[in-house]
Structures are given as C-alpha cells and as structure tokens.
2 protein chains.
Amino acid sequence: MDTTIDSLKKLLQERDLRATPIRLEFLELLRLNTPSAVTLSVIQEACHNTDRVTLYRTIQTFLDKGIIHKAHQSKEEVYYALCNSNCSTKAHFHDHLHFKCSSCSQVTCQHLNKEIKFLLPSFQINKVEIHIEGVCNRCNTTT
Amino acid sequence: MDTTIDSLKKLLQERDLRATPIRLEFLELLRLNTPSAVTLSVIQEACHNTDRVTLYRTIQTFLDKGIIHKAHQSKEEVYYALCNSNCSTKAHFHDHLHFKCSSCSQVTCQHLNKEIKFLLPSFQINKVEIHIEGVCNRCNTTT
DNA sequence: TTTTAAATGCAACTTTGTTGCATTTATTGT
DNA sequence: ACAATAAATGCAACAAAGTTGCATTTAAAA
Ligand SMILES: [Mn+2]
Ligand SMILES: [Mn+2]
Ligand SMILES: [Zn+2]
Ligand SMILES: [Zn+2]
C-alpha cells in the first residue's frame, strides 16, 4: 500500500532530499491545491510554526531539484505549483500556461494542447512563459 | 522645430503631468534604450542624485498614465519600457511580447505579427503576457 | 544504537518599498 | 516679469521582504 505521504517521501528521496515533516507538509499543501498554485504567504500561514528562513530555503531547494516551479511570477507575489514528473534536478520542462482568474483569484496551470509558434526570425527560443488573466471556467459557467 | 525634449514635454502635459527635469531625464533614458526595456536599478544609477522615493513615485505615475509599461516582470527585477501612443490614462494596449536575451541580457519588446489563439474552452481571456527567453537576433547573427 | 551530514531555528543584517510632512518648483494668471 | 498655487520632490522614519552565519536538532545510514 502506497499512501500519498509515502509517494511524497519517495519523491524527496529520489532527489537526495531528506523527508522532513516540514517538507512533507509543504508538498502536501501544494498537492492538495492542485491544479491551483499557491503563494508564499499562503504557505507561511499554513506552516505558521515554521521559521520564515526555512520556508525560503525549502522553496529554493525544491526549485533547484525540479519539484516545484514558479507559476504567474509577479513582483507582488510568486505562485508555486508542483512540477510534473518530467522535471528533474537537471532541468524543468513545462508545456503549459498559467491562468490567473480575476474572479476567484486562483492561479492554475493549463495544458497547451497545440504548440504555439512565434514568428521571430533569427531568434533562438529557449523558454516560453505565458501568463493569462481573465475569468476561469468554473467562475464563468457558474453564473 | 520639435526637439525630442519638446516632444517628451508635450507627452507629459497631454497627461496633465508637469515637465520636471527628473521626469524628462527618466523618459529620455527610456527613449534612448528603445526597444530595450530598463530595470529600476539602471534607472537609479542614471538618476543617482534623485531620491529613491521620487523614482518609485515617478514609475507609479507613469504606469497609471499609460506612459510606461512593465516588460518581463519577475520577482527579482522589473523592466520598464515606453508605451506606444495607443496607451492612455484609461488603459494600456499592447500586442507584443517580451524577449529576454540570455547572451546580452537585454529585454526587448517584440511585435506580434499574427494573433495568437489559445484553446481554453469556457475561459474568458482579458490579458495575455508572453515572456520568451533565448538568444536575440543581434547576438545570434553576430557569431 | 551510534554517527554524521543535512536541515532547522534564531539573531542580526541588508535590501526594497511605503508613508507623512516640510520644502521646492512648474505652471497659470495678472 | 511677478505672484499665487497646486504639484512634485526630498527627507526621515518606518515596514516588509529576503539573506547570512552559526549553533542546535534530526533524518538516514552504518
Ligand atoms: Mn505551472
Ligand atoms: Mn513592451
Ligand atoms: Zn475563477
Ligand atoms: Zn542578445
């Protein structure tokens, strides 16, 4: 039997990281919010008895190891979400965009079904980030 | 005869803003860097005898009045660039993407020739921001 | 159980951004 | 050209956000 906690433990150990209670709580929070991304301030509220510094370091570690990625990065707040299994210590691979709903203010990862082509002659494209703002399907249909 | 300074003065007065030396220096800096965007830290260096607070307030004013816009907004640094004449006190209108070159580290505004369609059924799209990283045409051709 | 490197907590610090208020200055009208 | 005035600026004090060094604790391996 493989509980969700066990799978998170495995995820950490695969990346040579220790499965500490703080890290598991952090990841469980992100997992529960899938497909919505979570801000640092929400993480801080949830982990209120954890030192700020530890959370900063945890985020940095998870980014480096390809466990989480930044979704809808703005100057005000950064949203974090779990990566899929494509990402590793080596590199991140995401073929999705980030949608911020101005109604429910949720940031979600949305899969890109068709590949998007940009006409930039003699440019080399390495990374594409797409942020869209509007009203999400839930808020739009639930009139 | 219409010097560039005069045109900048006119731009400010059209938006009910006073043409102060600081504001003209600020806009001249952005104009000289076109089509590259400029970070706050670069602005601060250029206007080293201007108070930080004034620069923060100048940026906010220019954003509100549709004179500048944020290009390649990240948590670390925000890049600012002049708006085209479409933008006003009412709203910003941009149909271009922002390209960050990992070689020369310049952020440039690139026009979108063809409109990009996203397949997001029952979503309402209000704003689209596209950030691309890679190697720009100048760096790519100058091998 | 013991060992040990990794992870955490704490304190001090830096950097970045904000607010209130006094002073200065660009613009308008005389 | 000068005076009046509202806008813009500078300064000080503050608040928020992020960083660093180091001592202590703990997960994982022996
Ligand atoms: Mn995502
Ligand atoms: Mn732009
Ligand atoms: Zn919504
Ligand atoms: Zn370049």
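Below is a short write-up of the structure. All figures in this text were calculated on a predicted structure; none of them were measured in a lab.

Moving on to the coordination of the zinc ion (ligand 4). All names here are of chain B. Only Cys101 (SG), Cys104 (SG), Cys136 (SG) and Cys139 (SG) from the protein coordinate the zinc ion (ligand 4), and they sit 2.2 to 2.4 Å from it. Each of the four donor atoms bound to the zinc ion (ligand 4) contributes to angles spanning 104 to 119 degrees, and the resulting shape is tetrahedral. For the zinc ion (ligand 4), the donor residues sit on a single chain with the sequence spacing C-x2-C-x31-C-x2-C.

Attention now goes to the packing of helix H2 (residues 21–33) of chain B against helix H4 (residues 52–64) of chain B. Residues and elements named next belong to chain B. Two elements in contact, H2 and H4, have axes whose closest approach is 11 Å; the angle formed by their N-to-C orientations is 70 degrees. As far as their axial angle goes, H4 and H2 are roughly perpendicular. Pair H2 / H4 crosses with right-handed handedness. Taking contact as the criterion, the partners of Ile22, Arg23, Phe26 and Leu27 in H2 are, on H4, Thr54, Leu55, Thr58, Ile59, Thr61 and Phe62. Taken together, the residues that form the contact of H2 with H4 break down as six nonpolar, three polar and one charged.

A few words on the environment of B:Arg31. Residue and element names in this part refer to chain B. For Arg31, the position within the fold is in helix H2. C-alpha of Arg31 to C-alpha of Leu82: the two residues are 51 residues apart in sequence and 7.0 Å apart in space. There is a polar contact of 3.2 Å between the side chain of Arg31 and the side chain of Glu28.

Before going further, it helps to examine the protein's contact with DNA strand D. What surrounds DNA strand D is a group of 20 residues, the closest being A:Tyr56, B:Thr20, B:Arg23, B:Thr54 and B:Arg57. The sugar-phosphate backbone supplies 58% of the atoms of DNA strand D found within 4 Å of the protein. Here A:Arg18 contributes a side-chain N or O atom positioned 3.1 Å from a base nitrogen of DNA strand D. Here a sugar or linking oxygen of DNA strand D sits 3.3 Å away from a polar atom, N or O, in the side chain of B:Arg18. Residue assignment for the surface near DNA strand D shows that the elements contributing at least two residues are helix H4 (52–64) of chain A together with H2 and H4 of chain B. Take the surface near DNA strand D: its biggest share by element is four residues, from H4(A).

Parameters at a glance
- Residues numbered from 1 in each chain as written.
- Chains lettered and ligands numbered in written order.
- Predicted model: local features only at pLDDT ≥ 70, side-chain atom pairs only at ≥ 80, totals over all residues.
- Heavy atoms only, no water.
- Donors = N, O, S within 2.8 Å, 3.2 Å for Na, K, Ca; no water.
- Tetrahedral: all angles 85-135°; square planar, octahedral: opposite > 155°, others 65-115°.
- Axes fitted to C-alpha atoms, helices over the stretch in contact; angles between N-to-C directions.
- Helix = DSSP H or I, 4+ residues; strand = E, 2+ residues; numbered from the N terminus.
- Parallel < 35°, antiparallel > 145°, perpendicular 65-115°, else oblique.
- Left-handed = near helix turned anticlockwise from the far one by under 90°.
- Contact = heavy atoms within 4.5 Å.
- Nonpolar A, V, L, I, M, F, W, Y, C, P; charged D, E, K, R; others polar.
- Polar contact = N/O pair within 3.5 Å; in protein donor to acceptor, adjacent residues only side chain to side chain.
- Near = heavy atom within 4 Å.

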